[in-house]
Amino acid sequence: MVIALHKAKAELFRTLGHPVRVRALELLLEGPRPVHEMLEIIGIESSSLSHQLAVLRQHGLVHQRRDAGSVIYSLALPAVRDLLAAAREVLHSRTVDQGVLVDEVSRPADAS
């Protein structure tokens, strides 16, 4: 099956089109994390996070493994890191004068 690159890119961006999915990927930039830790940080229902992680897994952006009763997620491809960095750069350069972006990944947890 042949898929046009622009259509595949659009599908990738649709996959990234949910704030919880992007937040989960941003958390995984720091390294593999158990689901319970991501739940504490993101602060949503377990079923909602599970659904969003499943979407990321189905699209090949994250891997899952079990370890001592915990489910651990990690980035599946190094290019995901580059993609998120490029998005951050684009957004920061667009809004540098507006001062409206809050970088939750680099912000200390107690400042939320």
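Just so we're clear, the structure is a prediction, and the values are computed from it rather than from any experiment.

A. Local environment of the confidence of the model for the chain. Looking at the chain, the pLDDT average stands at 88 and 84% of residues meet or exceed 70. The low-confidence segment residues 107–112 (pLDDT under 50) makes two contacts with residues lying over four places distant or belonging to another chain.

B. Representation of the pattern of salt bridges. Counted under the stated rule, the structure contains five salt bridges. For R88, the salt bridge identified is with E26, shortest N-O distance 2.5 Å. Here R88 is found in helix α5 (residues 78–95), whereas its partner E26 is found in helix α2 (residues 19–28), with 62 residues between them in sequence. Classification of E26 as buried rests on a relative accessible area of 10%. With its nearest N and O atoms 2.1 Å apart, the salt bridge here joins E30 to R33. Residues joined by salt bridges that share partners form a network here, namely E30, R33 and E37.

C. Spatial organisation of unusual backbone geometry. Even without being glycine, A68 reaches a positive phi, approximately 50°. With respect to the helices and strands, the residue A68 is situated in the loop between β2 (62–67) and β3 (70–75). By relative accessible area, A68 is classed as exposed at 80%.

D. Layout of the sheet that holds strand β1 (residues 33–34). If you walk across this open sheet you meet the three strands as β1-β3-β2, and the pairing is antiparallel. The strands lining the two open edges of the sheet, one partner per strand, are β1 and β2.

E. A look at α2. Within α2, eight of the ten residues are buried, leaving the element largely enclosed by the surrounding structure. Taken as a whole, α2 has its buried residues at V20, R21, R23, A24, L25, E26, L27 and L28.

F. Looking closely at the packing of α2 against helix α3 (residues 35–42). Contact pair α2 / α3: the axes reach a minimum separation of 11 Å and the direction vectors enclose 120°. The angle between the axes of α2 and α3 places the two elements in the oblique class. Seen along the crossing, α2 lies across α3 with a hand that is right-handed. Of α3, the residues touching α2 (which contributes R23, A24, L27 and L28) are M38, I41 and I42. Tallied by class, residues from the contact of α2 with α3 come to six nonpolar, no polar and one charged.

G. Geometry of the pairing of β3. One ladder, built from two bridges, connects β1 with β3; its direction is antiparallel. If you follow R33 over to β3, its bridge partner there is Y73. Across six bridges, β2 lies against β3 in antiparallel orientation. The residue of β3 that forms the bridge with Q64 is Y73. The turn linking β2 back onto β3 is made up of two residues, and A68 within it adopts a positive phi angle of 50°.

Each value, and the rule that gives it
Residues numbered from 1 in each chain as written. Predicted model: local features only at pLDDT ≥ 70, side-chain atom pairs only at ≥ 80, totals over all residues. Heavy atoms only, no water. pLDDT = per-residue confidence, 0-100. Contact = heavy atoms within 4.5 Å. Salt bridge = Lys/Arg side-chain N within 4 Å of Asp/Glu carboxyl O. Helix = DSSP H or I, 4+ residues; strand = E, 2+ residues; numbered from the N terminus. Buried < 20%, exposed > 50% of the residue type's maximum accessible area, 1.4 Å probe, protein only. Pairing = 2+ DSSP bridges. Axes fitted to C-alpha atoms, helices over the stretch in contact; angles between N-to-C directions. Parallel < 35°, antiparallel > 145°, perpendicular 65-115°, else oblique. Left-handed = near helix turned anticlockwise from the far one by under 90°. Nonpolar A, V, L, I, M, F, W, Y, C, P; charged D, E, K, R; others polar.

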